[in-house]
Amino acid sequence: MKPENCYVPAGADPLTEAFAFAESMPKHGRAARGARPLDKPFAEWGPRLFTHRSCKPLALYVHVPFCRHRCLFCPFYQNRSSEEFSEYYADLLMRHLDLVEQALGQGAGCRPVDAVYFGGGTPSDLAAPDLARVLRRLKSLFEITPETEITIEGRVRDFTVEKAQAWREAGANRFSLGLQSADEELRRRLGRLAGREEILKVLNGLADTDAVLIVDLMFGLPGQDRDLLLEDLRFLAEETRIDGLDLYELIQFPNSPLAKAVEGGRLGVPADRAGRAQLFGAAAEALAGYGFEHFTPQHWRRGTRERSVYNRLAKSNADILPIGSSAGGNLSRVSIMMERDIDAYAAAIEAGNIPARCLAPTGPMGSQERFKSNLSEFAEYLKLPPVDLWPEEAQAWAKPLLDNWCEAGLIKHAASGQEAAPLTMAGSYWIKTMHSLLLGCLAPVETASPMAGHPHAGGGGHPGGMPPDGMRPAMHGASGHPPGHHG
Ligand code: SF4
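Model, not experiment: these values are computed from the prediction.

About the thresholds
- By convention here, each chain's residues receive numbers from 1 onward along its written sequence.
- For a predicted model such as this one, the threshold for reporting local features is a pLDDT of at least 70, and the threshold for listing and counting side-chain atom pairs is 80 or more; totals across whole chains, interfaces and linings nevertheless cover every residue.
- By convention in this description, side-chain values take in all heavy atoms of the structure and omit both hydrogens and water.
- By the criteria applied, helices consist of DSSP H or I runs no shorter than four residues and strands consist of E runs no shorter than two, each listed in order from the N terminus.
- Each residue gets one of three labels from its accessible area relative to the maximum for its type: buried under 20%, exposed over 50%, partly exposed in between, using a 1.4 Å probe on protein chains only.
- Contact definition: two residues touch when any of their heavy atoms are within 4.5 Å.
- Working definition of accessibility: Shrake-Rupley area with a 1.4 Å probe, residue cover restricted to the visible protein chains.
- Per-residue confidence from the predictor is reported as pLDDT, which spans 0 to 100.
- Between N or O atoms, a polar contact is any pair within 3.5 Å; within protein, one atom must be a potential hydrogen donor and the other a potential acceptor, and residues adjacent in sequence are included only when both atoms are from side chains.
- Strands are labelled as partners when DSSP assigns at least two bridges between them.

**A few points about the overall build of the protein**
Next, step 1: When helices and strands are tallied, the protein shows 16 helices and 19 strands.
Next, step 2: Across the 487 residues of the protein, 59% fall into the buried class.
Next, step 3: Within the protein, contacts between residues separated by at least 24 positions form 76% of all contacts whose residues are at least 6 apart in sequence.
Next, step 4: Total accessible area on the protein stands at roughly 19100 Å², and carbon and sulfur atoms take up 51% of it.

**Brief notes about the confidence of the model for the protein**
Next, step 1: For the protein, the mean per-residue pLDDT works out to 87, and 88% of the residues sit at or above 70.
Next, step 2: Contacts from residues 445-487, a stretch scored under 50 in pLDDT, to residues over four places away or in other chains number 153 contacts.

**Considering the side chain of aspartate 125**
Next, step 1: Note that aspartate 125 resides in the loop between strand E6 (115-120) and helix H4 (128-141).
Next, step 2: The exposure class assigned to aspartate 125 is buried, which follows from its relative accessible area of 7%.
Next, step 3: At 2.6 Å, the side chain of aspartate 125 and the side chain of serine 81 are in polar contact.
Next, step 4: Leave out the neighbours within four places in its chain, and aspartate 125 touches Cys67, Arg68, Ser81, Phe85, Asp158 and Lys163.

**Focus: the pairing of strand E11 (residues 293-296)**
Next, step 1: In this structure, E11 lies alongside strand E12 (residues 299-301), joined through three bridges in antiparallel fashion. Residue pairing for E12: histidine 294 is matched across the bridge by tryptophan 300.
Next, step 2: Between E11 and E12, which follow one another and run antiparallel, lie two residues.

Here's what the structure looks like:
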């Protein structure tokens, strides 16, 4: 792709039209890089990777791939929760942690943990004592302090106040509820049964535990217009004590249950791209009016109790140790994905093996990979990185392109040598497209290079590498299933 093709046409409305031309272009989510898989057991490579970057931020991600039923809009559903699933899965997680302890030994407690995240799936579907014992085990194994952000995701129907209190006592300090909408009619059409009163009762009960409370909403749902979305925001801002809110744009996957329901005329028509952009703009304005701070491209907070530590780490180069079936993470640039099939996962754990598939980069971090990482990290602060951090091959075209994006209303001022460029509200909406275009302008592939010289090289070389996209839907929010994007 040529940089000139990334210019916003003169006179285009920044929010609704900036990159309408890019809809049909190929996406460049990440710079390709050399990687190779390794089938060695976790015990052979885990300890080395875990201790290698001990001064880097560290998070633990625990995946709970069970839901009561499949939500219409969700491509991430994996296993149905049954009566027995809670004790069964918690036992597996406990056994998994025993194996982690065997492998890491004293090393497990040698790094402070910045964040713990129970994502899914529906972690709040676990029984109170089951999730609490897993959390207590994590605290006995790793260096988790009162400063560590510990989040539990869930749904209104499963998230009883009794559970919340038990999990608070075990150390959880942040609850994240997938609401999608508080409108009863819309929720009913999407198969969400909790009504406004029940939502209010649960949110107030959770707020009473004094945990940080986050809610996620979707925009662009079928039949959801501007008034309906704004009423949801008014309700949450004025009638609840939430500390933060995520706004996720509905992505309709072909052949998904949602797409079929829309085609069958059962749900109403979802907004098109321009309509979704308008909804985002209206919501951002309303939230500012209610005193919320725009914190990351899709997240707003009210007050500083909400820090969004895990979500920011997941978009950075931090280490994330994955635990549980289908959990994704990475240690020292090695991408790790736990076995997705729950039976295969259980069989491996019971046989004393941590079933991790992983891919390791085959060389030091290249300029494109570093740029991709910088784009992602700066976006979490609503910025584009300073031009000095762009790859050398982009230096010639970076400034004119940024001038165009500035004139077009996507950034407040163009990034200079060492100064990052703050995004406007329209820029926040288009940030993923901007990243994709920038990466598309760079040469597509950094060729694999030998392991020699890499800090973890030696013996059989590095374990693992980057899982193919198909392996990543449950991955801790860095891609695929975003934290908080549950039903
Ligand atoms: S949105 Fe969440 S609860 Fe619903 S099916 Fe997907 S993972 Fe399960």
